[in-house]
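One letter stands for each residue in the lines below.
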Amino acid sequence: MRIHTPLMDIKDQLLIFLAEGYAILSHAFTDRHNQGISVIANVWTTNIVDYLNTTFPTQKEAGQFLWTTHLSFNYGDMDDALQNVVNATSTRVKVLESILSQLEAFYQFEPESPRLFIQIIDSFSKVRSINYEQVKPFLQNGFLDIPEEEVKRAFLEIIGQSYVLTDWGGETEDVYTSFLILNGERLQTSIIFKGSGTVKSSRETHGGQLGKNGDQLERMMRTPTSKLYIVQSVKPIAQDIVNTFDAFVFKQRANGNNCYYCIIDGQETAMLLYAYGFLKEPVASR
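Thresholds, definitions, all that
Residues numbered from 1 in each chain as written. Predicted model: local features only at pLDDT ≥ 70, side-chain atom pairs only at ≥ 80, totals over all residues. Heavy atoms only, no water. Pairing = 2+ DSSP bridges. Helix = DSSP H or I, 4+ residues; strand = E, 2+ residues; numbered from the N terminus. Contact = heavy atoms within 4.5 Å. Axes fitted to C-alpha atoms, helices over the stretch in contact; angles between N-to-C directions. Salt bridge = Lys/Arg side-chain N within 4 Å of Asp/Glu carboxyl O. Buried < 20%, exposed > 50% of the residue type's maximum accessible area, 1.4 Å probe, protein only. Polar contact = N/O pair within 3.5 Å; in protein donor to acceptor, adjacent residues only side chain to side chain.

### Looking at the sheet that holds strand β4 (residues 175-182)
Overall, mixed pairing links the five strands, which are arranged β3-β7-β6-β5-β4 in an open sheet. Looking at strand neighbours, the two that pair on one side only are β3 (115-116) and β4, the edges of this open sheet. Pairing of β4 with strand β5 (residues 185-194) involves six bridges; the strand directions are antiparallel. Each bridged residue has a counterpart across the sheet, and for Leu182 the counterpart in β5 is Glu185. Contacting β6 (228-233) and β7 (260-264), helix α10 (residues 266-275) crosses the sheet at an angle of about 90 degrees to β7.

Have a look at this one:
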């Protein structure tokens, strides 16, 4: 199941709650007749239940926290009511530690950075097991000599889209699709492809090489309905594209579109195509 909060934010908050719980136990054992500790523990419990209910998609965690049975230990000269607080708090601290340790086993989380790498995208999951040595024979100093149309068709087959639209000069993106999956959900995505057919003399792909007038990235970012924007090239990607992409996505997010971007260069293109069986022998030997 998916949680619309970054993993690190949840971990940080749970650690804060744990620290507060241990502080309550420390105060209880230091001042064994202080009834004010019961009030503090009640506030702590209420705050945690509210957080768990608003953060997690079901009431499982809040239910575990509230209703896990605690053992009744006797602490000698400690007030009876305070002993109940200590026993309940001790159990709830252990439940919080269990929730914290199992977060990634049960849930998927909102990415923390606006820039995504291909390994995090569900539709490209097979690439996670591929390394550079496996695709090195296909590359020439980071360049994968494959036509754009061939790369595009492979991408669309990988994400499960059965049709390929014809390019035209005024398009904002080469592919506009809802078939790509991130965190278990389909995501409206805009993609620009850059194949080996043009500007072979340039070692890197620059922003000015995207589109007939060099403004395709800017035009693609005018599509506010997309949640993910991708630029793919069969060559290394120049820093100017990274900087421009980051600025455009920052602006989109400031306007309320919580979107992401992904840059796929020649090496990553080779890894992706290899992972899904589209590269079977080095390009030079074809």
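Further notes follow.
### Some points on the pattern of salt bridges
All chains considered together, the criterion is met by seven salt bridges. With a closest N to O distance of 3.4 Å, Glu104 and Lys11 form a salt bridge. With a gap of 93 residues between them, Glu104 in helix α5 (residues 103-106) and Lys11 in helix α1 (residues 7-30) connect regions that are remote in the sequence. Linking Asp215 and Arg219 is a salt bridge whose minimum nitrogen-to-oxygen distance equals 3.0 Å. On the basis of relative accessibility, which here comes to 23%, the residue Asp215 falls in the partly exposed class.

### As for the environment of Asn258
Among the secondary structure elements, Asn258 is positioned in the loop between α9 (239-254) and β7. The sequence separation of Asn258 and Tyr229 amounts to 29 residues, and the corresponding C-alpha distance is 12 Å. Apart from residues no more than four positions distant in its own chain, Asn258 is found in contact with Glu110, Lys227 and Arg253. There is a polar contact of 3.3 Å between the side chain of Asn258 and the side chain of Arg253.

These figures capture arrangement, not role.
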